[in-house]
Amino acid sequence: MNTPSTTVSLHDFGNFLRDIWYFGLPSADLKPKQFKAKVILGEPILFGRTSDGTPFALRNLCPHRGIPLHYGHFEGDEVICPYHGWRFNRHGQCTLIPSLTSDSDVDPKQFGVLSYPVREAQGNLWIYMPAKDRQAPEPALEVPLVPGFSATTQPQAVQKFIFPGHLDQVFINFMDPAHAPFVHGAWWWRTRGKLFEKAKTFDPSPYGFTMRRHPLLRKSWAHHILGGHPEVEIIYRLPGIRIETNYTDRHTFCFLITLTPINEHQTELTSIFYWTFPWLAPLKPLLAPFAREFINQDLRIVAKQSEGLAYNPPLTLIKEADNQAKWYYQIKREYAKAIQEGREFVNPMKTQVLRWR
Ligand code: FES
Ligand SMILES: [Fe+2]
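Within an unreviewed UniProt entry, the label attached to the protein reads 2Fe-2S ferredoxin, and the organism entered is Parathermosynechococcus lividus PCC 6715.

**Student:** For the overall build of the protein, give the residues involved together with the corresponding values.
**Tutor:** Per the secondary structure count, the protein includes five helices and 21 strands. A compact globule built from 357 residues would reach a C-alpha radius of gyration of about 21 Å, and the protein, at 22 Å, matches this within 12%. Overall size of the protein, expressed as C-alpha extent along the three principal axes, is 80 × 50 × 35 Å. Split into buried and exposed, the 357 residues of the protein put 50% on the buried side. A sequence separation of at least 24 residues applies to 60% of the contacts in the protein between residues at least 6 apart. If you sum the accessible surface of the protein, you get close to 17400 Å²; carbon and sulfur atoms cover 56% of it. Separation of charge centres in the protein, based on 40 positive and 33 negative side chains, amounts to 8 Å.

**Student:** A description of the UniProt feature "domain: Rieske" (unreviewed entry) in the protein should follow, citing residues and the corresponding values.
**Tutor:** In this structure's numbering, the residues bearing the UniProt feature "domain: Rieske" (unreviewed entry) are residues 22–127. End C-alpha to end C-alpha, residues 22–127 measures 5 Å, and it is 0% helix and 42% strand.

**Student:** Tell me what's going on with the coordination of the iron ion (ligand 2), and back it up with residues and numbers.
**Tutor:** Around the iron ion (ligand 2), the protein contributes the donor atoms H179 (NE2), H184 (NE2), D298 (OD) and D298 (OD), which lie 1.9 to 2.8 Å from the metal centre. One chain supplies every donor for the iron ion (ligand 2), spaced along it as H-x4-H-x113-D. Here H184 is found in the loop between α2 (180–183) and β14 (198–205), whereas its partner D298 is found in helix α4 (residues 284–309), with 114 residues between them in sequence. Look at H184 and you get buried, because its relative accessible area is 3%. D298 gets classed as buried once you look at its relative accessible area, which sits at 1%.

**Student:** Just give me the short version of the sheet that holds strand β7 (residues 78–80), but keep the residues and values in it.
**Tutor:** The four strands lie next to each other as β6-β7-β8-β9, forming an open sheet whose pairing is antiparallel. Where the open sheet ends on each side, the last strands, each with one partner, are β6 (73–75) and β9 (94–96). Sheet topology note: the β6/β7 ladder contains three bridges and is antiparallel. The residue bridging F74 from the neighbouring strand is V79, located in β7.

**Student:** Break down the domain arrangement of the protein for me, citing the residues and quoting the values.
**Tutor:** The figure often quoted for interface size is the accessible area lost as the parts come together. According to the domain assignment, the protein consists of domain 1 (20–129) and domain 2 (157–356). Between the C-alpha centres of domain 1 and domain 2 there is a distance of 33 Å. With 15 residues of domain 1 at the contact, the number on the domain 2 side is 17 residues. Together, the buried faces of domain 1 and domain 2 total about 1200 Å²; carbon and sulfur atoms form 63% of this surface. Contact with domain 2 buries surface across domain 1, with I20, Y22 and F23 losing the most and accounting together for 41% of the total. Viewed at the interface, domain 2 and domain 1 are joined by two salt bridges. Here D29 ties to K160 by a salt bridge, and the two come within 2.5 Å at their closest N and O atoms. Counting across the domain 1 and domain 2 interface gives seven residue pairs in polar contact (both at pLDDT 80 or more). Elements that contribute at least two residues to the side of domain 1 that touches domain 2 include exactly β2 (20–26), β3 (35–40) and β12 (124–129).

**Student:** Give me the packing of aromatic side chains: which residues, what numbers.
**Tutor:** Describing an aromatic ring pair means giving the distance of the ring centres and the angle of the ring planes. By the definition in use, this model includes 22 aromatic pairs. For the ring pair F171 and Y328, a centre distance of 5.1 Å and an interplane angle of 85 degrees mean the geometry is edge-to-face. On the criterion of sequence distance, the pair formed by F171 in helix α1 (residues 167–173) and Y328 in helix α5 (residues 323–341) is long-range, its members being 157 residues apart. The pair formed by F171 and Y328 is uniform in burial state, with each residue classed as buried. Joined through ring pairs, the aromatic side chains of F171, F202, F209, Y236, W327, Y328, Y329 and W356 make up one cluster.

Cut-offs used in this document
All residue numbers refer to position in the chain's written sequence, counted from 1. Just so you know, chain letters begin at A and ligand numbers begin at 1, following the order they were written in. Side-chain atom pairs in this predicted model are given and counted only at pLDDT of 80 or more, local residue features only at pLDDT of at least 70, and totals for whole chains, interfaces and linings cover all residues. No hydrogens and no water enter the side-chain calculation; it runs on all heavy atoms of the structure. Think of it this way: any DSSP run of H or I at least four residues long counts as a helix, any run of E at least two long counts as a strand, and we number them from the N terminus. Both definitions apply: the radius of gyration is a C-alpha atom measure, and the globule rule equals 2.2 Å times residues to the power 0.38. Here's how the labels work: a residue is buried when its accessible area is under 20% of the maximum for its type, exposed when over 50%, partly exposed in between, all with a 1.4 Å probe on protein chains only. By definition in these notes, contact holds between two residues if any of their heavy atoms fall within 4.5 Å. Note on areas: these come from Shrake-Rupley sampling with a 1.4 Å probe, and a residue is covered only by the protein chains present in the view. Counted as positive: Lys and Arg. Counted as negative: Asp and Glu. His and the chain ends are not counted at all. Think of each charge as sitting on NZ of Lys, CZ of Arg, CG of Asp or CD of Glu. UniProt positions are given in the numbering used here, feature names are shortened, and annotations may be inferred rather than shown by experiment. Coordination partners: N, O, S within 2.8 Å of the metal, 3.2 Å for Na, K and Ca; water not considered, so apparent gaps in a site are possible. At least two DSSP bridges between two strands are needed for those strands to be called paired. For the domains described, the bounds stem from an automatic or database domain assignment. Two parts placed together each lose some accessible area under a 1.4 Å probe, and adding up what both lose gives the buried area. When a carboxyl oxygen of Asp or Glu lies within 4 Å of a side-chain nitrogen of Lys or Arg, that pair is called a salt bridge. What qualifies as a polar contact is a pair of N or O atoms within 3.5 Å, subject to a donor-acceptor requirement within protein and to the restriction that residues adjacent in sequence count only when both atoms come from side chains. A pair of aromatic rings is counted whenever rings of Phe, Tyr or Trp (Trp by its six-membered ring) have centres within 6.5 Å, and the orientation is called stacked for planes under 30 degrees apart, edge-to-face for over 60 and tilted otherwise.

Here it is in structure tokens:
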């Protein structure tokens, strides 16, 4: 940690963490009796919701001949495969094979499809990705929550992006303070290329680390509209969760970023906004393009970086400005090790002040 720089390579991006919750989709995107097909960590997933609103997730492949189940339909609360009509309940259990004769000794129940634990909170649907091809028991791990909002809160706004890069690459971009003046130097954000000395305290927090809550000294345009004496806190958490909370004297504005790998080369980013400012809702159509452009600036730089990473160059992490990226790798490695060894995760990160310009 005290060496001036560390060299890593694309290979260090390594495998995705398993036995952990990933963001699946916004709750509002899945109505009762609807399917949503997605690819997560390279696995085809079928999200569904029964008529009483219970969400579920199954491997999106029929165990008979492999057709994706989202081409089928709901009958009652069961999924019907479009090819030969096999039926599956929300636990993935096959309940009927239409071609079987009444005296057949074949038991449909033996042809299940893998089901994934799902949980819903704050308008987000999370999916637990177990070690490959393993049916996961109900996980003890909690899903990530944004602070200061109840479990039944719904987000005020959601935006989605597909980043052309590996999860690690994209997540590190969002914990990297040194790119902001160069990548986000638009007139409405800050003055391009103008550098200020900064010192921020970081503490360990569940499955990650947190930039300790502190007053904003130099207010950006966006912070001016929040008014009062704004303070900010940023939580980073495995596997790719960033929660920025801005507090003013009376109100809270929370910006949640979730990263879910589609595969090694593509990562879905969802920005989810929660706030308590009553007057902010009517401004949504005005502010949405700015929020989108801000993330698109990151997307464009990550796309360019991916061009270079295709050659697998060694990468350099320097001290202070890149320490958060180093912590991320350490925390990720420890999580994988703890799972492998069947023990509690021990956060390797220690409270530290980082300085950069
Ligand atoms: S492929 Fe699904 S029932 Fe045959
Ligand atoms: Fe950025």
